[in-house]
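Descriptive structure summary
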Amino acid sequence: MIKVAKFGGSSLATSEQFKKIKDIIFKDKTRSVIVVSAPGKKDDSDHKITDLLYLIYAHIKYGVDCTKIFNIIKERYLEIKNNLGLKTAIEEEFLALEKSFSKTMSEEFLVSRGEYFCAKLMAEYLNYDFVDAKDIVFFNYEGKIDEQKTTDAVKKLFLISKKIVVPGFYGAYPDGSIHLFSRGGSDVTGAVLAKFTAATIYENWTDVSGFLVADPKIVDNPKKIREISYEELRELSYMGANVLHEDTIFPVQELDIPINIKNTNRPDEEGTVISSKCQDASQIITGITGKKLYESITIIKKPKASKIQVIQNVLDILEKYNINIEHIPSSIDTFSLIIERTSLAKQKYEIIAEIKKNDNVQDVIVDNDIALIAIVGRNMATKPGISAKIFSIFGQNDINIKVIAQASQELSIIIGVANNQFEKAIKAVYDCLIV
Ligand code: ASP
């Protein structure tokens, strides 16, 4: 039985945090594959090592001295090393790294050192084997995981060692050079290793005891989500909830490996379980989230024109400009495209001009003040009356609904309101539907 345990940056910020991790791991010896991020912030005034490494790269590139920043990084690791009485010769590696600083060096390599040094120290501290991610996580040149090569490497490694610490966030291209996942990508390393070691569970240790039903900056003291399905989590993270890296789900979902979100500072608290086998039916709504700053482009076609042809023409234009459409609510002679403002950017007027060129288009109307709220819950399916409740609570709170979308799976209801009604709407839905 193998448990993969990934620890995030705040869990690794100091030597004190390392001690907590050791206690956690030694309480359950099946926690045998450990994935670490780079040390994160100790407190709000502190910096993440990864951010500092990106900063160093920028200094090197523009020929600005980065000694001070590099010293801050070194001190962070030496605090951990010295307070835990470790021997790993990271000083020599720091020196070699500093000597290699040059305008032509790989940014990905430099930034990956954040997790690399952290894993080296953690491996010694736990007396586990250090395994460099470049020797176990492989990418093809498109930046996708090379499944075969990664499986083979894991199998081979497990013949020699069963207790390992692996740095998260990076792996190797076919030529051996370092490639990073996108930011927050140690979550993905954990998921990939859970898949290729066929782990029984993927524990993701962070500084909160699981996910909350709504953003605590909007709702006072929101409840915790105990169980959530893979699909619900994807909906929530896509629609703005700050949860796991969005590529975390696929590798574990394939083998139905549950993810347990746990708190390094309160290890006894239950956390949130993400799986395909959610039992809890006590809440109709699992989570409420959303994002501001969407725009809607409504196309009014001429009454006699074919709607399909107009839609097709408009979609071709958007494809040409590489624009992602969130939703397409429609009525008999109109349909709207809901698009994130940032993705429309400067091309907006060009796109509208092209749409208007179509003789079958009567008019195009733009509404640039839309926030989308996503109400997500597997338990909503087939239960009548949920949207009625939501609409009446919006009415009572004087919130005008601009857009409504629900997919047939009934996993989520998406509602568009004006940006300045966003917080009020989320609070209203929470108060009405969360018991
Ligand atoms: N250290 C990287 C970051 O800050 C990766 C991670 O922590 O998952 O994005």
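Coordinates for the structure precede this section.
Here's what I pulled together on the structure shown here. (Residues numbered from 1 in each chain as written. Predicted model: local features only at pLDDT ≥ 70, side-chain atom pairs only at ≥ 80, totals over all residues. Heavy atoms only, no water.)

A word on the layout of surface pockets. Where empty space is left can be seen by rolling a probe of water-molecule size over the atoms. Of the voids in this model, the second largest pocket is the one considered here, and its volume is about 380 Å³. Lining the second largest pocket are 19 residues, and of these Lys144, Ile145, Phe181, Val188 and Asp247 sit closest to its centre. Counting residues per element, the ones that place at least two in the lining of the second largest pocket are strand E6 (178-180), helix H7 (186-196) and helix H9 (249-254). Top contributing element to the lining of the second largest pocket by residue count: H7, with 4 residues. (1 Å grid on protein atoms, 1.4 Å probe; cavity = no way out; pocket = protein on both sides within 12 Å on 5 of 7 lines; lining within 4 Å. Points joined across faces, edges and corners; volume = space filled by probe spheres on them. Helix = DSSP H or I, 4+ residues; strand = E, 2+ residues; numbered from the N terminus.)

Assignment of secondary structure puts Ile404 in strand E14 (residues 403-406). Relative accessible area serves as the criterion here: at 46%, Ile404 is assigned to the partly exposed category. Ignoring any residue separated from it by four or fewer positions in sequence, one finds Ile404 in contact with Pro329, Phe391 and Ile414. (Buried < 20%, exposed > 50% of the residue type's maximum accessible area, 1.4 Å probe, protein only. Contact = heavy atoms within 4.5 Å.)

Near the ligand, the surroundings consist of Ser37, Thr50, Glu115, Phe169, Arg183, Gly184, Gly185 and Ser186. A distance of 2.8 Å separates an oxygen atom of the ligand from a polar atom in the backbone of Gly184. For the ligand, an oxygen atom lies 2.9 Å from a polar atom in the backbone of Ser186. Here the ligand, which alone exposes 260 Å², has 91% of that area covered by the protein. (Near = heavy atom within 4 Å. Polar contact = N/O pair within 3.5 Å; in protein donor to acceptor, adjacent residues only side chain to side chain. Areas by Shrake-Rupley, 256 points an atom, 1.4 Å probe, with all protein chains shown as cover.)

Bringing the sheet that holds strand E11 (residues 287-301) into the picture now. Strand order across the open sheet formed by 5 strands is E12-E11-E13-E15-E14, with antiparallel pairing between neighbours. If you trace the sheet from one side to the other, it starts and ends with strand E12 (334-340) and E14, each paired once. When strand polarity is set aside, the average angle formed by the axes of neighbouring strands in this sheet is 30°. Both E14 and strand E15 (residues 412-417) contribute to a ladder of 4 bridges, which runs antiparallel. If you follow Ile404 over to E15, its bridge partner there is Ile415. Together, E11, strand E13 (361-376) and E15 form the strand contacts of helix H8 (residues 230-238), whose direction differs from that of E11 by roughly 70°. Contacts from helix H12 (residues 348-356) reach E11 and E13, with the element oriented near 125° to E13. (Pairing = 2+ DSSP bridges. Axes fitted to C-alpha atoms, helices over the stretch in contact; angles between N-to-C directions.)

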